[in-house]
Amino acid sequence: MIDMNAEDQAVERVYYESRDGLLITGDLYSADKPKGYLLLCHRSHYNRGEYCEIAPKLAALGFLCLAVDQRSGMNVLGFTNETSTLAKQKGLPTGYLDAKQDIEASIDYLYERNGHKPIILVGSSYSASLALLIAKDNAKVKAVAAFSPGEYLKKTKVAESIKGLAKPTYVTSARKETADVGQIIRYMDMKYATYFRSQDAGFHGARTLWDTVDGHEKYWESFSQFLLINSDTQ
């Protein structure tokens, strides 16, 4: 079980370029002798602050985490989405699919930083859909976790596009989203999937792990088990 009262970990602010040269902002949460490396991607209208409560607990569990600002997001939770702000200043598009290159560049950054070890990719809402798409063919991703994925991407049918995803995959959502999420993964080979369906209300996206959410303990238990099974120490 994860220590739900874990103390805050050291956080390093990092910057690197996206595929088109846009500067990406990320928060790197350190862990001693990491069991693995997690890239944490936020939901729509959010920023890296979605993980300010989550990432320290993951670091306490033994995982180094990089929480990033994607260009499709907003200034909320007391955080400025620096990547989105800069993209708008430069007149760059900030749609969901436009953020795909930010996630891919973040994978490259973390992969280089950790000595070329494949990472675990974590997505929330629209970025959960992007994470599933990216993980399918990206050799730098060894496992993927998708919180509330859906058909959010214009001109892209996620369910059909992730056919053939043959990597450990964790999928969950709020209870009211269960049927919709089931449609997203309906073509997947379920021998690779951990599909957690809670009887508690939960919440949309990775926020379902926040302490204020009904049933967050059960989400944490299933997610942490998935991470430990797919850690570098296994």
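Data block above holds the structure.
What counts and what doesn't
Every chain's residues receive numbers from 1 upward, in the order its sequence appears when written. In keeping with the predicted nature of the model, local features appear solely for residues at pLDDT of at least 70, side-chain atom pairs appear and are counted solely at 80 or more, and the whole-chain, interface and lining totals rest on all residues. Just so you know, side-chain values use all the structure's heavy atoms and leave hydrogens and water out. The nonpolar core is taken to be a set of buried Ala, Val, Leu, Ile, Met, Phe, Trp, Tyr and Cys residues, with the residues joined through side-chain atoms within 4.5 Å. Burial classes: relative accessible area under 20% of the type maximum marks a residue as buried, over 50% as exposed, and values in between as partly exposed (1.4 Å probe, protein chains only). The helix count covers DSSP runs of H or I at least four residues long, the strand count covers runs of E at least two residues long, and both are numbered beginning at the N terminus. Two residues qualify as a contact provided that any one of their heavy atoms is within 4.5 Å of a heavy atom in the partner residue. Strand pairing is defined by DSSP finding a minimum of two bridges between the two strands. To obtain each axis, a line is fitted to C-alpha atoms, and for helices this fit is confined to the stretch in contact; angles are then taken between N-to-C directions over 0 to 180 degrees. The scheme is simple: roughly parallel for angles under 35 degrees, roughly antiparallel for over 145, roughly perpendicular for 65 to 115, oblique for anything else. Handedness of a crossing is defined here by the sense of rotation of the near helix relative to the far one, left-handed for an anticlockwise turn of less than a right angle and right-handed for a clockwise turn. A pairing counts as a salt bridge when a side-chain nitrogen of Lys or Arg comes within 4 Å of a carboxyl oxygen of Asp or Glu. By the convention adopted, Pro, Cys, Tyr, Trp, Phe, Met, Ile, Leu, Val and Ala count as nonpolar, Lys, Arg, Asp and Glu as charged, and the other residues, Gly among them, as polar.

Student: Quick one: what's the story with the nonpolar core, residue by residue and with numbers?
Tutor: By size, the foremost hydrophobic cluster in this structure holds 40 residues, and its most contacted members are L39, L66, I103, I107, L110 and L121. If you tally residues by element for this core, the top one is helix 4 (residues 126-137), at eight residues. L110 has contacts with L28, Y37, L38, L39, L64, L66 and I119, leaving out every residue within four places of it along the chain.

Student: Let's hear about the sheet that holds strand 3 (residues 36-40): which residues, and what values?
Tutor: Pairing within the open sheet is mixed, and its eight strands lie in the order 1-2-4-3-5-6-7-8. Two strands lie at the open edges of the sheet, namely strand 1 (11-17) and strand 8 (193-196), each paired on one side alone. Recorded for the sheet is a direction-independent mean angle of 20° between the axes of neighbouring strands. As defined by bridge partners, strand 5 (residues 119-124) adjoins strand 6 (residues 141-147) across six bridges and the pair is classed as parallel. Paired with L121 across the bridge in strand 6 is V144. Relative to strand 4 (residues 63-68), helix 1 (residues 54-61) is tilted by about 160°, and along the sheet it contacts strand 2 (23-29), strand 3 and strand 4. Together, strand 1, strand 2, strand 3, strand 4, strand 5 and strand 6 form the strand contacts of helix 3 (residues 100-113), whose direction differs from that of strand 1 by roughly 120°.

Student: Summarise the packing of helix 3 against helix 4; cite the residues concerned and give the values.
Tutor: Closest axis-to-axis distance for the helix 3/helix 4 pair is 10 Å, and the angle between their directions is 60°. With respect to helix 4, the axis of helix 3 lies oblique. For helix 3 against helix 4, the interelement crossing comes out right-handed. Along the contact surface, helix 3 presents K100, I103, E104 and I107, while helix 4 presents S127, L130 and I134.

Student: So what's going on with the pattern of salt bridges? Which residues, and what values?
Tutor: Enumeration over the complete set of coordinates arrives at 16 salt bridges. D69 serves as the salt-bridge partner of R48, at 2.7 Å between the closest nitrogen and oxygen. Here R48, found in the loop between strand 3 and helix 1, pairs with D69, found in the loop between strand 4 and helix 2 (82-89); they are 21 residues apart in sequence, far enough to count as distant. The exposure class of R48 is buried, given its relative accessible area of 4%. A salt bridge links R71 to D102; the nearest nitrogen and oxygen atoms lie 2.7 Å apart. Highlighted residues: R71 in the loop between strand 4 and helix 2 and D102 in helix 3, separated in sequence by 31 residues. Taken as a pair, R71 and D102 share a single burial class, namely buried.

Student: Explain unusual backbone geometry to me, and be specific about the residues and the numbers.
Tutor: Despite not being glycine, K33 has its phi angle at roughly 45°, a positive value. Relative to the assigned elements, K33 resides in the loop between strand 2 and strand 3. In the Ramachandran plot, S148 falls in the positive-phi region, its phi being about 60° despite a non-glycine side chain.

Student: Before we move on, can you summarise the packing of helix 1 against helix 7 (residues 216-229) with the specific residues and values?
Tutor: To characterise two packed helices, one gives the angle between the axes of the helices and the distance between these axes. Running from N to C, helix 1 and helix 7 cross one another at 45°; their axes reach a closest spacing of 12 Å. Comparing their axes, helix 7 and helix 1 come out oblique. As for how helix 1 packs across helix 7, the hand of that crossing is right-handed. For the pair formed by helix 1 and helix 7, the contact residues are I54, K57, L58 and L61 on the first element and W220, F223, S224, L227 and L228 on the second. Residue classes in the contact of helix 1 with helix 7 are distributed as seven nonpolar, one polar and one charged.

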